[in-house]
Protein chains: 4
Amino acid sequence: MPNRASVLSTDLQIRTEERAMPVPGPRDVLVAIRSVGVCGSDIHYFQEGRIGSFVVEAPLVLGHESSGVIVDRGVDARRHDVGTRVALEPGVPCGSCAECRVGRYNLCPDVSFFATPPVDGTFTEHVTIHEDFAHPVPDSISDDAAALLEPLSVGVWACAKAKVGLGTTVLVTGAGPVGVMAALVARASGASRVVLADINPHRLAKAGDLGFETIDSRTAAFDDAPTADVLLECSGSPAAIDAGIRAVKRAGTVVLVGMAAHGKVPLPVDVIQGRELWVTGTFRYANTYPTAIALAAGGAINLDELVSKVFSLDEVEQALTHHLDNPAAMKVMVHVSE
Amino acid sequence: MPNRASVLSTDLQIRTEERAMPVPGPRDVLVAIRSVGVCGSDIHYFQEGRIGSFVVEAPLVLGHESSGVIVDRGVDARRHDVGTRVALEPGVPCGSCAECRVGRYNLCPDVSFFATPPVDGTFTEHVTIHEDFAHPVPDSISDDAAALLEPLSVGVWACAKAKVGLGTTVLVTGAGPVGVMAALVARASGASRVVLADINPHRLAKAGDLGFETIDSRTAAFDDAPTADVLLECSGSPAAIDAGIRAVKRAGTVVLVGMAAHGKVPLPVDVIQGRELWVTGTFRYANTYPTAIALAAGGAINLDELVSKVFSLDEVEQALTHHLDNPAAMKVMVHVSE
Amino acid sequence: MPNRASVLSTDLQIRTEERAMPVPGPRDVLVAIRSVGVCGSDIHYFQEGRIGSFVVEAPLVLGHESSGVIVDRGVDARRHDVGTRVALEPGVPCGSCAECRVGRYNLCPDVSFFATPPVDGTFTEHVTIHEDFAHPVPDSISDDAAALLEPLSVGVWACAKAKVGLGTTVLVTGAGPVGVMAALVARASGASRVVLADINPHRLAKAGDLGFETIDSRTAAFDDAPTADVLLECSGSPAAIDAGIRAVKRAGTVVLVGMAAHGKVPLPVDVIQGRELWVTGTFRYANTYPTAIALAAGGAINLDELVSKVFSLDEVEQALTHHLDNPAAMKVMVHVSE
Amino acid sequence: MPNRASVLSTDLQIRTEERAMPVPGPRDVLVAIRSVGVCGSDIHYFQEGRIGSFVVEAPLVLGHESSGVIVDRGVDARRHDVGTRVALEPGVPCGSCAECRVGRYNLCPDVSFFATPPVDGTFTEHVTIHEDFAHPVPDSISDDAAALLEPLSVGVWACAKAKVGLGTTVLVTGAGPVGVMAALVARASGASRVVLADINPHRLAKAGDLGFETIDSRTAAFDDAPTADVLLECSGSPAAIDAGIRAVKRAGTVVLVGMAAHGKVPLPVDVIQGRELWVTGTFRYANTYPTAIALAAGGAINLDELVSKVFSLDEVEQALTHHLDNPAAMKVMVHVSE
């Protein structure tokens, strides 16, 4: 049986191809993909052919925010039954390096991550994945929501790094999907105030619809005095990073989630020192899926309302370019099967 | 002007007396008390004349869960205006011992705490308190709710000790006011499951009304396998402590909030070791009022619905005995003035 | 080629037998054992045939504190060369359960641990082990010291749990090998005061020789006022646990390392609450070998001076009973080969 | 009785003047100064008349690394006897702001800190200070060493922020007094490797004399692969900050201790994100004196060997300029009295 896949060529064209059906390894499951979210990184590979040192040097299947159904299992894969609906955690670490042994598997140097060259992603009918990274989801989580547990995990991880909790005041710079996810997680964590800042009025409107306080960074400054315990920086903009850090209170925490276009960014070191701020960045996430599933299953966070538009597997190119004419778009999904 | 007070005599009789109006020290405010909650410790002093090494050896005013209005200020007290409505944090630490300097002011050996012999409490028309421990409350917090920020702080502190957060599963043993407060805080902190256990069906019914999963410890055991990340033990019962600890998962946390009748309690050390559990206890709280105010002001926790019955200053004895015939009672309040 | 092993029968007799040479799995190494330390648990299995729920129901090879030389490798084991001298970390976890994924692999429910029924140990000429748990050691660490990195890891883990560091004051109850190891680690961690307490004068003398302050618990009490930031309880004695906890200062930490004869032990809960102590226990250790190797290799801790007596593989029974007539004995070693 | 003081005028001239003897407040002690260390900030004020927003707008007494003897006490100051030899912690916080209440008193916005305009420092015969910040020292700590507990505290704080402990590998950039202090503290904390990097060969030679591994940043790069768990950046040089951060391993910690000439410094954000580093800065220190005293008193750190040259109170100008012709100088002291 062939396995249809949407493939990005090295000259950055997207075509649907028939490929061989993947065969699960001993601890793998074979998953029939249902829904895949479009991530900014997919768009970036499509437009630029690279992200930093990762270069599209061979045909690549994009897509890494995915859900599906288990249709077969490897000989030693006994955790899930065939027929189980699962969310796919896209990065499978080696399990035995020093980072893995201490529980920081997102920093595993040998991780295999969907849609990161040369590893193919999930804009395809079937993939195999180690059973530990196929997370069963309850009926209360839709296929789309299951796929969106991946960007939700980014928000969970950012909030975990910042120890957002009861009474925390949080500033989120960048109100795109990642910023909104981070803000939703912060609110679910008991944050007493969550403010989203952006320069895109459509995104600010959406943030307002979701009940968040917003700041239009084009016209308004943050509060005069630093008022945030935590900055979750999701824009990658040097200006937002600088202004955001200055808005953080003494002993507060700054988590750099958004990737800057250039590796080096001028930071206000005098503020970091004078207020003894803690600044860190996130690289993917680890051990977040159980929490993400609980958030979505219990209704604390409604992921379906973030879906702006749905395309088919043959429309991946439209999915990757939808945002160009739709500045209000939040999440775009590709439905591979139902 | 006289200052009426409800006084517990050394022979454990309660009478309303007229006392001299207190005079605020330089950094004190004078507060006209409005609402005071009855705490189990008040009842205990009334019934037994002592709690552990604290003995009623002179007439004592009980009451320490209190709100009121600032009516005068000491010469150097400039933080709040006269007329400000405040919740009173009942323990004022020395500010300069080793514990205070590291931020653990609840462990200050020289703390002055309302209604702990020989310090008088707040079942009286007026008290003085250091301005730092009179916390202004917004209009959205009623006088009763402002008083109940004190037991809420106990819950905030317990959850903070246990690092209850997003996705945490919490077992609360003891569904009295403290247990319910702890459960409410856990839920507001993003806990994915909060279970209240008790042997009192009235309390379990109230817990159910508040939306919590409940376990009747008289007839049902906890889950077969350990399922809680955190135990908040609010009963003081040795049986509940033992069963509760056994319900906690590997690397989980146990916070002993309820006071046991006897100082020494047999604990399952083999379970603590084999699962590497962390066990601690709470002694009052520190730096919790800002969070408690945010929780109550923002509507995350509705304290008013915990009020079962209201008495006047002349009815303190009835307030202290109300629970005897009202096993369903949750919080009993004394309204000193309006 | 046969593989000689010292075997404990179910009727608790020890005999040297010839067994088949073990064959390394794909990621295993085959290790020729050189030195093995005798642990209290080995003695306990020999005397009682069980430890808690672990029962000797089939012939068992004891021994789990071991060093040796790699003599063969599995097909996928490429981390170490044949000829590498290694210390063996005796517990190999599954690598994929929830505990392993968060870095707490010592709590893996599927761990395979040397000399824990039904897994054979290292009183034998050859064993196989996953290459990740064979830690290369430099020449500055002797074969005996390499074997003793295992109990040293227990001390490293205890100090890590207690966050022993610069300026910490530490009380260690129980001056046997584990207590002494813990004390040595505490001193190397910058503890400003380390006191060892025991009732065995030989052990106290040895502790004194190692430069530690000592307390004879038969005749002397701890200081009048609580003076320890940390209690490392290595005796398992209920009396020592109780007195030790009472010696810990506010907000201090208690680590229960020694195993009590009975699972339940009366603890002073009033002290734990009133001082907000943190009490935990240790179950083996995780990720300690790099630190243990650094401590021994750099000379911060001299493990060889803890060796009291050496026996051969045919003298395992003498090794297991040596302590009976030698109350001053610290570590007893079995040299399998040179 | 007059009180001689070395005063910096607003036109940056230094003269010894006679001032009125200070009178201790109720909780203050009056201290006869013995030894004062010269800090880079003293030199900076003398040369530039300002540090950032702190400007010498009125005559100022410099000096804040000080020891002395208590010669009088305020009416409520009962912690120390007259005649007690003390080290002076130079910053006295308000004790009641939010930062003080949580134990971060170094971030108190109302701190009074010696030799920070407009607060006079300790290049004078007598000063008053709140008794809590006059720390008694044992005879094993000399007057100079007692004064140098202040910069040692900077090192203690930096290591505490970075959680330097057993087995930590530490890179210190900048081998001046602060870098050396930090390195000494790291070594005393059980760090398994401490490397000092600088461009000043005299300082590198001194660091080598103290037993540290050194890197000459003019000619040598750090290791090819990141090898430090912790970077303690004590130079303030943007080049050192950048290279230093790149030398830190995944999940490592960067503490910015040295002050950069300009507030904003380009940082490699891609490295911070990709390795999930934690970056913070230090602003003075809190609760470090007990640890610093223990380190110096127990012999773990010998502060006296860092003293390069001693001047008298009338030679403060020479003390402040000594480094100009003495690039090998480490700490320069002013002896006010013996």
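Residues numbered from 1 in each chain as written. Chains lettered and ligands numbered in written order. Predicted model: local features only at pLDDT ≥ 70, side-chain atom pairs only at ≥ 80, totals over all residues. Heavy atoms only, no water.

**Student:** Just to check I follow, could you spell out the side chain of T169(D) for this structure?
**Tutor:** Residues and elements named next belong to chain D. Looking at the secondary structure, you find T169 in strand β13 (residues 169-173). Judged by relative accessible area, T169 falls into the buried class, the value being 15%. A polar atom in the side chain of T169 sits 3.0 Å from the backbone oxygen of T227. Excluding residues within four positions of it along the chain, T169 makes contact with S192, R193, T227, A228, D229, V230 and K249. (Helix = DSSP H or I, 4+ residues; strand = E, 2+ residues; numbered from the N terminus. Buried < 20%, exposed > 50% of the residue type's maximum accessible area, 1.4 Å probe, protein only. Polar contact = N/O pair within 3.5 Å; in protein donor to acceptor, adjacent residues only side chain to side chain. Contact = heavy atoms within 4.5 Å.)

**Student:** When you look at empty space enclosed by the protein in this model, what are you seeing that I'm missing?
**Tutor:** In this approach the atoms are scanned with a rolling probe the size of a water molecule, which exposes any empty space left behind. Residue and element names in this part refer to chain A. All chains considered together, the criterion is met by ten cavities of 30 Å³ or more. Empty space within the largest cavity amounts to approximately 130 Å³. Of all the secondary-structure elements, those providing two or more residues to the lining of the largest cavity are β13 (169-173) and β14 (193-198). Counting residues per element, the lining of the largest cavity draws most heavily on β13, which supplies three residues. Considered class by class, the residues forming the lining of the largest cavity number nine nonpolar, two polar and two charged. (1 Å grid on protein atoms, 1.4 Å probe; cavity = no way out; pocket = protein on both sides within 12 Å on 5 of 7 lines; lining within 4 Å. Points joined across faces, edges and corners; volume = space filled by probe spheres on them. Nonpolar A, V, L, I, M, F, W, Y, C, P; charged D, E, K, R; others polar.)

**Student:** Explain the pattern of salt bridges here, please?
**Tutor:** A side chain with one charge can pair with a side chain of the opposite charge if their charged atoms come near. According to the stated counting rule, one finds 76 salt bridges over all chains in the structure shown. A salt bridge links K161(A) to E276(D); the shortest N-O distance between them is 2.8 Å. Residue K161(A) is found in helix α4 (residues 149-161), and its partner E276(D) is found in the loop between α8 (269-274) and β19 (278-281); the two belong to separate chains. Note on K161(A): relative accessible area 14%, which makes it buried. (Salt bridge = Lys/Arg side-chain N within 4 Å of Asp/Glu carboxyl O.)

**Student:** Even after reading the chapter, I still don't get the interface of chain B and chain D, so can you show me in this structure?
**Tutor:** Interfaces are often sized by the accessible area lost when the parts come together. Between chain B and chain D, the residue contacts involve 14 residues of the former and 14 residues of the latter. The three residues of chain B that bury the most area against chain D are S96(B), R101(B) and N287(B), which together make up 52% of that side's buried surface. At the junction of chain B with chain D, the criterion picks out two salt bridges. As a salt-bridge pair, R101(B) and D132(D) come within 2.6 Å of each other at their nearest N and O atoms. Applying the counting criterion to the chain B and chain D interface returns six residue pairs in polar contact (both at pLDDT 80 or more). Classifying every residue of the side of chain B that touches chain D by side-chain character gives five nonpolar, five polar and four charged. (Buried area = accessible area lost by both parts, 1.4 Å probe.)

**Student:** What is the right way to read the interface of chain D and chain A from this model?
**Tutor:** Listed by partner, the interface residues are 37 residues for chain D and 37 residues for chain A. For the pair chain D and chain A, the two sides together bury roughly 3,100 Å², of which 57% comes from carbon and sulfur. If you look at where chain D meets chain A, you find four salt bridges. Within the residue set of the side of chain D that touches chain A, elements represented by two or more residues are α4 (149-161), α7 (238-246), β17 (248-256), β18 (264-268), α8 and β19 of chain D.

**Student:** Before we go on, may I ask you to explain the environment of G258(C) in this structure?
**Tutor:** Here G258(C) shows up in the loop between β17 (248-256) and β18 (264-268). Here G258(C) is in contact with Q273(B), E233(C), C234(C), S235(C) and G236(C), once residues within four sequence places are set aside.

**Student:** Which parts of the structure should I look at to understand helix α1 (residues 40-48) of chain A?
**Tutor:** In an α-helix there are 3.6 residues to a turn, and that puts residues three or four apart on one side. Residues and elements named next belong to chain A. For α1, the full list of buried residues reads D42, I43, Y45 and F46. The buried residues of α1 occupy one face: seen down the axis, they fall within an arc of 160 degrees. Tucked into the core, α1 has its buried residues touching β1 (2-8), β2 (14-20), β3 (28-37), β4 (50-51), β5 (54-55) and α10 (316-325). Downstream of α1 by one or two residues, G49 has phi in the positive range, about 75 degrees. (Arc of directions from axis to C-beta.)

**Student:** Before we go on, may I ask you to explain the packing of helix α1 (residues 40-48) of chain C against helix α10 (residues 316-325) of chain C in this structure?
**Tutor:** To characterise two packed helices, one gives the angle between the axes of the helices and the distance between these axes. Residue and element names in this part refer to chain C. Remark: α1 packs on α10, axes separated minimally by 10 Å, with the N-to-C direction vectors making an angle of 100 degrees. By the angle between their axes, α1 is roughly perpendicular relative to α10. Contact residues: α1 offers D42, I43, F46 and Q47, while α10 offers E317, L320, T321, H323 and L324. Of the residues belonging to the contact of α1 with α10, the class tally is four nonpolar, three polar and two charged. (Axes fitted to C-alpha atoms, helices over the stretch in contact; angles between N-to-C directions. Parallel < 35°, antiparallel > 145°, perpendicular 65-115°, else oblique.)

**Student:** For this particular structure, what's the right way to read the packing of aromatic side chains?
**Tutor:** The geometry of an aromatic ring pair is captured by two quantities: the separation of the ring centres and the angle between the planes. Going through the model one piece at a time under the given rule, you end up with ten aromatic pairs over all chains. Ring centres of Y105(D) and F133(D) lie 5.8 Å apart, and the angle between their planes is 90 degrees; on these two criteria the pair is classed as edge-to-face. In this pair, Y105(D) sits in the loop between α2 (98-101) and β10 (112-113) while F133(D) sits in the loop between β11 (126-130) and β12 (134-136), placing the two residues 28 residues apart along the sequence. By relative accessible area, Y105(D) is classed as buried at 5%. An angle of 55 degrees between the planes, with centres 6.3 Å apart, marks the rings of Y285(D) and Y289(D) as tilted. This pair shows no difference in class: Y285(D) is buried, exactly as Y289(D) is. Lying across the ring of F212(A), R187(A) places its NZ or CZ 4.1 Å from the centre. (Phe/Tyr/Trp six-rings, centres within 6.5 Å; stacked < 30°, edge-to-face > 60°. Lys NZ or Arg CZ within 6 Å of the ring centre and 35° of its normal.)

**Student:** What's the story with the environment of E125(D) in this structure? I'm lost.
**Tutor:** All names here are of chain D. Among the structural elements, E125 can be located in the loop between β10 and β11. Distance in space between the C-alpha atoms of E125 and R19 is 9.8 Å, their sequence separation being 106 residues. Once residues within four sequence positions are removed from consideration, E125 is found in contact with P2, N3, R4, V31, A32, I33, L313 and V336.

**Student:** Where do I start with the relation of the copies chain D and chain A in this structure?
**Tutor:** One copy of the chain maps onto the second through a rotation about an axis and a displacement along it. Overlaying chain D on chain A yields an RMSD of 0.0 Å, the required transformation being a rotation through 180 degrees with an accompanying axial translation of 0.0 Å. Taken together, these values place the two copies in the relation of a two-fold axis. No C-alpha of chain D approaches the rotation axis more nearly than that of P266(D), which lies at 1.9 Å. Interface overlap between copies is the fraction of interface residues in one copy that are interface residues in the other; for chain D against chain A it reaches 100%, indicating a shared surface. (Least-squares fit on C-alpha atoms with pLDDT ≥ 70 in both.)

**Student:** Before we go on, may I ask you to explain the sheet that holds strand β6 (residues 60-61) of chain C in this structure?
**Tutor:** Residue and element names in this part refer to chain C. Read from one edge to the other, the open sheet built from three strands follows the order β2-β1-β6, with strand pairing classed as antiparallel. Bordering the open sheet on either side are β2 (14-20) and β6, each of which pairs with just one other strand. Here strand β1 (residues 2-8) runs beside β6; their pairing, made up of two bridges, is antiparallel. The residue bridging L8 from the neighbouring strand is L60, located in β6. (Pairing = 2+ DSSP bridges.)

**Student:** So what exactly am I meant to see when it comes to the relation of the copies chain B and chain D here?
**Tutor:** Expressed as a screw operation, the relation of chain B to chain D combines 0.0 Å of axial shift with a rotation of 180 degrees, fitting to an RMSD of 0.0 Å. When the interface residues of chain B are mapped onto chain D, 100% of them are again interface residues, pointing to one common binding face.

**Student:** Help me understand the sheet that holds β2(A), please; the structure alone is not making it clear to me.
**Tutor:** Hydrogen bonds along the backbone pair up the strands of a sheet, which may run parallel or antiparallel. All names here are of chain A. Across the sheet, three strands lie side by side as β2-β1-β6; this open sheet has antiparallel pairing. The sheet is open, and its two borders are formed by β2 and β6 (60-61), each paired with just one other strand. Examined bridge by bridge, β1 and β2 share seven bridges and lie antiparallel to one another. For L8, the partnering residue across the bridge sits in β2 and is I14.

**Student:** How do you make sense of the pairing of strand β3 (residues 28-37) of chain C when you look at a structure like this?
**Tutor:** The two faces of a sheet get side chains in turn, since along a regular strand they alternate between them. Residue and element names in this part refer to chain C. A large share of β3 lies buried, amounting to nine of its ten residues. The pairing of β3 with strand β7 (residues 65-73) spans eight bridges and is antiparallel. Residue pairing across strands places L30 opposite D72, the latter belonging to β7. Strand direction decides the pairing type here: β3 and strand β21 (residues 331-335), joined by three bridges, are antiparallel. Within the sheet, the bridge partner assigned to V36 lies in β21 and is V334.

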